[in-house]
Amino acid sequence: MTNEVLATYANYALYSAVGVLSLAMIAYAVYLAGAVPASEREHETLDADEQAAAERARARAERVAAVSGGSVATSPATGPVGAVAGDGTTDDGAAAGPVGDPERARKGAGIGGTLSYLGTGLLLVSLVLRGMSVDRAPLGNLFEFSVAGAFFAMLVYCIGPLRRGMHWLGLFVLAPVTLLLWLAGTIWYTEAAELVPSLDSYWLVIHVSIATLATGLSIVGAVLAALYLVRDKAGPGSFWTKLPAAARLERLSYGMHVVAFPMWTFTLIAGAIWARQAWSSYWNWDPKEVWTFVIWIVYAAYLHARVTKGSNRRTAAWIALAGFACIVINYTIVNFYFIGQHSYAGTS
């Protein structure tokens, strides 16, 4: 039985998350508009690191002198307590925003980060309430899968890049996530209901939750791959010089895909085991099975190209984007236009 009240509150939380994340995008846009080129931020970071290191050395010397009864000479070069470290925090733990950027840009980054955390929390609340309203995991149709995928993408961003002060990435991650949530809440929306019999299995949580987490990682990885391709061709004075060096973007993208690939592998294996239980066969040449295998092949090709000595990193990045395109095809076109045993989109 469906609890309509909880389902309604789940929708309210979802709509609130979309609004909050939209405001976060605006804040991040303000940050990028006022941010200085990455090379200048890195120079300021080095200066701040040196200042913070000198302050820590002076504090240690004072403690030693206090024990021995001596005194410590101070240098004008040492900064005041609370000097900003290179990770965007002060030595007493307070947040200071991106080092080297104008104050308005730093405020935009801070607001964007706070709203990102809030929006991610609202997505979690929406998923929990949706699951409680139907007494099952909220992974039974395309609408629920999309909300879960968006949540995992935001979770990856918040516990990884955002915590490390990568505010420049926020706008580019939030844009596809907000678009996905808008599609889920309008075109793909499905009323809360019980599962179809074939999905009523503990394998739903095991198989689909890992698939959504892999999708969230792939979203962030694809964004970084696209930014790498653009940054690699950006000339001096270009807007894209506000992003880190192309090599760093490429390494970050590779790191996301390295984590996501084993999850895609597990998704395939778990799906085959579940298929054996549900349909008496490990492989049925179902369209979604085939396209999930295509996704796995393309990402395997990306990782192979990436680690091959002398390979072109731009070519590898394009392969990664091709893998993400396969994900989009699998969860949109295949869901709507290919009839198979995985026809659970739930939309009319």
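In this text, all values refer to a predicted model and were calculated from it rather than measured experimentally.

**Some thoughts on the confidence of the model for the protein**
Averaged over every residue, the pLDDT of the protein is 84; residues scoring 70 or more account for 81%. Segment residues 72–96: pLDDT under 50, and 45 contacts once partners within four positions in sequence are set aside and those in other chains are kept.

**Some thoughts on the side chain of His167**
Position of His167 among the secondary structure elements: in the loop between α4 (142–162) and α5 (170–185). What makes His167 buried here is its relative accessible area of 11%. Within polar-contact distance, the side chain of His167 engages the backbone oxygen of Ala109 at 3.4 Å.

**Considerations on unusual backbone geometry**
Positioned with a positive phi, Asp135 is a non-glycine residue whose angle comes to about 55 degrees. Along the chain, Asp135 turns up in the loop between α3 (103–134) and α4. Positive phi values are uncommon outside glycine, yet Trp285 reaches one of about 55 degrees. On the secondary structure map, Trp285 appears in the loop between α7 (246–279) and α8 (287–307). Assessed through its relative accessible area of 66%, Trp285 is described here as exposed.

**Quick notes on α7**
With 34 residues, α7 ought to run about 50 Å at 1.5 Å a step, and its terminal C-alpha atoms sit 47 Å apart, in line with that. Positive phi shows up at Ser280, right after α7, with a value of about 65 degrees.

**Topic: the packing of aromatic side chains**
For any two aromatic rings, the description comes down to two numbers: the centre-to-centre distance and the angle of the planes. Scanning the entire structure with this criterion turns up 13 aromatic pairs. Here the aromatic rings of Trp283 and Trp285 are separated by 5.7 Å at their centres, their planes lie at 90 degrees, and the arrangement is edge-to-face. The rings of Phe261, Trp283, Trp285, Phe293 and Trp296 are connected pair by pair, giving a single aromatic cluster. Sitting above the plane of the Tyr254 ring, Arg306 keeps its charged end 4.1 Å from the centroid.

Rules used throughout
Residues numbered from 1 in each chain as written. Predicted model: local features only at pLDDT ≥ 70, side-chain atom pairs only at ≥ 80, totals over all residues. Heavy atoms only, no water. pLDDT = per-residue confidence, 0-100. Contact = heavy atoms within 4.5 Å. Helix = DSSP H or I, 4+ residues; strand = E, 2+ residues; numbered from the N terminus. Buried < 20%, exposed > 50% of the residue type's maximum accessible area, 1.4 Å probe, protein only. Polar contact = N/O pair within 3.5 Å; in protein donor to acceptor, adjacent residues only side chain to side chain. Expected span 1.5 Å × (residues − 1). Phe/Tyr/Trp six-rings, centres within 6.5 Å; stacked < 30°, edge-to-face > 60°. Lys NZ or Arg CZ within 6 Å of the ring centre and 35° of its normal.

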